[in-house]
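# Structure assessment
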Amino acid sequence: MTQLINDEIRQDIMQRLHRVEKDHDVRILLAIESGSRAWGFASPNSDYDVRFIYVHNKDWYVAVDFEEKRDVIEYPIVDEIDLNGWDVRKALRLFWKSNPTFVEWIQSPIIYMESGLFKQQTLAFLPHLYSVEKGIYHYLSMAKTTYHSYLRAEYILLKKYFYALRPLLAIRWLEKYQTAAPIEFYKLLELVEDRQILDVIYELLEKKQNSEELALAPALPELTQFIESELIRFESMTPIKMERDANMAQLNQLFHTILNEQA
């Protein structure tokens, strides 16, 4: 299940987000938790990966030097809170390209702030705009990199198993439903038919949730074999190509609607 954020941490995060709005003269459209806490397999000392989408006033976007303006807001990690965000125009341009990071942000189950129609409208667009093919390539690349870099040792960082399992199960979701995969790990576990493997994963998940972020454990041959077999199968997949029925004019209209909310 999704891991909760305690009240003290949530209050601290909210204060920082309000400070972002004041210091940068922006309105936050959506602020969420990303990473392992949203995925559902954080360790007690995992960072809080707070991500947000913001909008300036309309005049900010009508400027000769617009292309030179900065479209991200970033802060150094303080007290395990990692805070950064994207301007809405940047976010929508990436959405058009099925950017996997943005697609996961708008699906996060942990929401700190929400304003206007942004989240509602982007989620409504998602089935019409999302590229299953790009999603598969992204998740396959993630799983392959994790496997080759971390999962062939005698002792393995617990979190790296999940950094391979989550993208592989996301591909299963894309393969079966041909829609953007949910980001919650427990939802993806429904796609594991092998009861023995599922038991191993649940046992590892419990250990991960009760261990330090950099905890090591002996390699699990049956889980490694499962990951290897999935990598081999997905490598030989025929790409799933689907025609999307959204267009840039619709995203432009959404952008204009968001700017007019500022007026």
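Preceding this section is the structure that the text describes.
These lines cover the structure that appears in this document, whether it is placed above or below. (Residues numbered from 1 in each chain as written. Predicted model: local features only at pLDDT ≥ 70, side-chain atom pairs only at ≥ 80, totals over all residues. Heavy atoms only, no water.)

Along the backbone of the protein there are 11 helices and seven strands. At 20 Å, the protein has a C-alpha radius of gyration in line with the 18 Å of a compact globule built from 263 residues. A total of 263 residues make up the protein; the buried ones form 52% of that total. Taking all contacts inside the protein whose residues are at least 6 apart in sequence as the whole, residues at least 24 apart take part in 73%. Roughly 13300 Å² of accessible area belongs to the protein as shown, and the carbon and sulfur atoms make up 50% of that amount. Charge-centre separation for the protein: the mean point of 30 positive side chains lies 4 Å from the mean point of 40 negative side chains. (Helix = DSSP H or I, 4+ residues; strand = E, 2+ residues; numbered from the N terminus. Rg over C-alpha atoms; globule rule 2.2 N^0.38 Å. Buried < 20%, exposed > 50% of the residue type's maximum accessible area, 1.4 Å probe, protein only. Contact = heavy atoms within 4.5 Å. Areas by Shrake-Rupley, 256 points an atom, 1.4 Å probe, with all protein chains shown as cover. Lys, Arg positive; Asp, Glu negative; His and termini not counted. Charge placed at Lys NZ, Arg CZ, Asp CG, Glu CD.)

Turning next to the nonpolar core. Counting residues in each nonpolar core, the largest one holds 75 residues, and the members touching the most others are Ile53, Val88, Phe95, Phe118, Phe185 and Ile227. At 11 residues, helix H7 (residues 158–177) tops the list of elements feeding residues into this core. The next biggest cluster of nonpolar side chains, apart from the first, holds 18 residues, and it includes Leu17, Val20, Ile73 and Tyr112. (Core = buried A, V, L, I, M, F, W, Y, C linked by side-chain atoms within 4.5 Å.)

Another point: the pairing of strand E2 (residues 48–55). Among the eight residues of E2, eight are classified as buried, and the element is accordingly described as predominantly covered. Residues Tyr48, Val50, Phe52 and Tyr54 point to one face of E2 and Asp49, Arg51, Ile53 and Val55 to the other, with burial holding for every one of them. As paired elements, strand E1 (residues 27–34) and E2 share seven bridges and run antiparallel to each other. Note on E2: the bridge partner recorded for Arg27 is Val55. (Pairing = 2+ DSSP bridges.)

Looking now at the environment of His18. Mapped onto the fold, His18 is located in helix H1 (residues 7–24). It is 32 Å that separates the C-alpha atoms of His18 and Lys159, two residues lying 141 residues apart in sequence.

A few words now on the packing of aromatic side chains. The geometry of an aromatic ring pair is captured by two quantities: the separation of the ring centres and the angle between the planes. Summed over the entire model, instances satisfying the criterion amount to 15 aromatic pairs. Pairing Phe52 with Tyr54 gives two aromatic rings, centres 6.0 Å apart and planes at 50 degrees, and the pair type is tilted. Tyr54 gets classed as buried once you look at its relative accessible area, which sits at 1%. Aromatic pair Trp60 and Phe66: ring centres 5.7 Å apart, planes at 80 degrees, arrangement edge-to-face. Here Trp60 falls in the buried class, since its relative accessible area comes to 17%. Three or more aromatic residues joined by ring pairs make a cluster, and in this case those are Trp39, Phe41, Phe162, Tyr163 and Phe185. Over the ring of Trp86 we find Lys90; its NZ or CZ atom is 5.7 Å from the centre of that ring. (Phe/Tyr/Trp six-rings, centres within 6.5 Å; stacked < 30°, edge-to-face > 60°. Lys NZ or Arg CZ within 6 Å of the ring centre and 35° of its normal.)

Helices that pack against each other are described as a pair by the angle of their axes relative to one another and the distance between those axes. Between H7 and helix H9 (residues 195–209), whose axes approach to 10 Å, the crossing angle comes to 130 degrees. Taken together, H7 and H9 sit at an angle that is classed as oblique. Pair H7 / H9 crosses with left-handed handedness. Of the residues in H9, those touching H7 at Leu158, Lys159, Tyr161, Phe162 and Leu165 are Ile201, Leu204, Leu205, Lys207 and Lys208. (Axes fitted to C-alpha atoms, helices over the stretch in contact; angles between N-to-C directions. Parallel < 35°, antiparallel > 145°, perpendicular 65-115°, else oblique. Left-handed = near helix turned anticlockwise from the far one by under 90°.)

Counted by the stated rule, this structure contains 17 salt bridges. Linking Glu230 and Arg172 is a salt bridge whose minimum nitrogen-to-oxygen distance equals 2.7 Å. Of the two residues, Glu230 is situated in helix H10 (residues 221–235) and Arg172 in helix H7; the sequence distance between them amounts to 58 residues. Residue classification places Glu230 among the buried positions, given a relative accessible area of 5%. (Salt bridge = Lys/Arg side-chain N within 4 Å of Asp/Glu carboxyl O.)

This next bit is on the packing of H7 against H10. Axis separation between H7 and H10 bottoms out at 11 Å; the angle between their running directions is 40 degrees. On the basis of the axis angle, H7 is oblique to H10. In the crossing of H7 with H10, the sense of the turn from one axis to the other is left-handed. Note on element contacts: H10 touches H7 through Leu223, Thr224, Phe226, Ile227, Glu230, Leu231, Arg233 and Phe234, opposite Tyr161, Ala164, Leu165, Leu168, Leu169, Ile171, Arg172 and Glu175. Residue classes in the contact of H7 with H10 are distributed as 11 nonpolar, one polar and four charged. (Nonpolar A, V, L, I, M, F, W, Y, C, P; charged D, E, K, R; others polar.)

Pairing within the open sheet is mixed, and its five strands lie in the order E3-E4-E2-E1-E5. Two strands bound the open sheet, and with one partner strand each, they are strand E3 (72–74) and strand E5 (111–114). In this sheet, adjacent strand axes meet at a mean angle of 20 degrees when their direction is disregarded. Two strands pair when backbone bridges link them, and E3 and strand E4 (residues 81–87) are joined in this way by three bridges, in the antiparallel orientation. Following the sheet pairing, Glu74 is matched in E4 by Asn84.

Coordinates in, geometry out; function isn't part of it.
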